[in-house]
Amino acid sequence: MDQKFDLVYLLIDHNFTIETSVVLQSQILDKIRVQHSMGLNVALITSVKDFGLFNGLIQDGSIPKNIKIFTFLDINKYHNILKAIKVLKNVDREYGIRWIYSRSIWSALAFRFFRVF
């Protein structure tokens, strides 16, 4: 098992993705940068609508290069919940997770079902 994540950000809102929302970029990415600079092991699990824009965020330095990022295609809210549960299970099995930041009701729902399974 690799080093346990201190904090995992779970962002799975349908049509409200990090690459298309300046609000998410300013709120979440700034938190990730600060917490990472303080020595926390942080990861991001997110749905993505446009991988070209998302990769641009990574390349322009908005997301620190050594942050683990787990993405999946944003199709609809039900797909996002199911996919997030699957990714959370895999991440927890491979790395371990101490805390999860859930921004929306959908993220919270995925987290609840993840803990059940």
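One structure accompanies this document, and this report is about it. As the structure is a computational prediction, the values presented were derived from the model and not from experiment.

**Notes on empty space enclosed by the protein**
Argument step 1. One pass over the structure, following the stated rule, counts one cavity of 30 Å³ or more.
Argument step 2. By volume, the largest cavity amounts to about 40 Å³.
Argument step 3. Partitioned by chemical class, the residues of the lining of the largest cavity number five nonpolar, two polar and two charged.

**A word on a nonpolar patch on the surface**
Argument step 1. A surface patch of nonpolar side chains, about 250 Å² in accessible area, is lined by F51, L73 and I75.
Argument step 2. Following the sequence through the fold, F51 ends up in helix α2 (residues 51–59).
Argument step 3. The exposure class assigned to F51 is partly exposed, which follows from its relative accessible area of 34%.

**Thoughts on the pairing of strand β2 (residues 42–48)**
Argument step 1. Across the seven residues that make up β2, a large majority, seven, are buried.
Argument step 2. As defined by bridge partners, strand β1 (residues 5–11) adjoins β2 across five bridges and the pair is classed as parallel. Note that in β2 the partner of L7 across the bridge is V42.
Argument step 3. Handedness of the crossover is the feature at issue here: the chain leaves β1, passes through helix α1 (residues 22–37), returns alongside β2, and the resulting connection is right-handed.
Argument step 4. Examined bridge by bridge, β2 and strand β3 (residues 68–73) share six bridges and lie parallel to one another. What sits directly across from V48, in β3, is L73.
Argument step 5. A crossover links β2 with its parallel partner β3, the connecting element being α2, and its sense is right-handed.

**Notes on unusual backbone geometry**
Argument step 1. Despite not being glycine, N15 has its phi angle at roughly 65°, a positive value.
Argument step 2. If you trace the backbone, N15 turns up in the loop between β1 and α1.

Calculation criteria
Residues numbered from 1 in each chain as written. Predicted model: local features only at pLDDT ≥ 70, side-chain atom pairs only at ≥ 80, totals over all residues. Heavy atoms only, no water. 1 Å grid on protein atoms, 1.4 Å probe; cavity = no way out; pocket = protein on both sides within 12 Å on 5 of 7 lines; lining within 4 Å. Points joined across faces, edges and corners; volume = space filled by probe spheres on them. Nonpolar A, V, L, I, M, F, W, Y, C, P; charged D, E, K, R; others polar. Patch = residues over 30% accessible without salt bridge, like charges linked within 9 Å, V, L, I, M, F, W, Y side chains within 5 Å. Areas by Shrake-Rupley, 256 points an atom, 1.4 Å probe, with all protein chains shown as cover. Salt bridge = Lys/Arg side-chain N within 4 Å of Asp/Glu carboxyl O. Helix = DSSP H or I, 4+ residues; strand = E, 2+ residues; numbered from the N terminus. Buried < 20%, exposed > 50% of the residue type's maximum accessible area, 1.4 Å probe, protein only. Pairing = 2+ DSSP bridges. Right-handed = clockwise from strand over helix to strand, strands pointing away.

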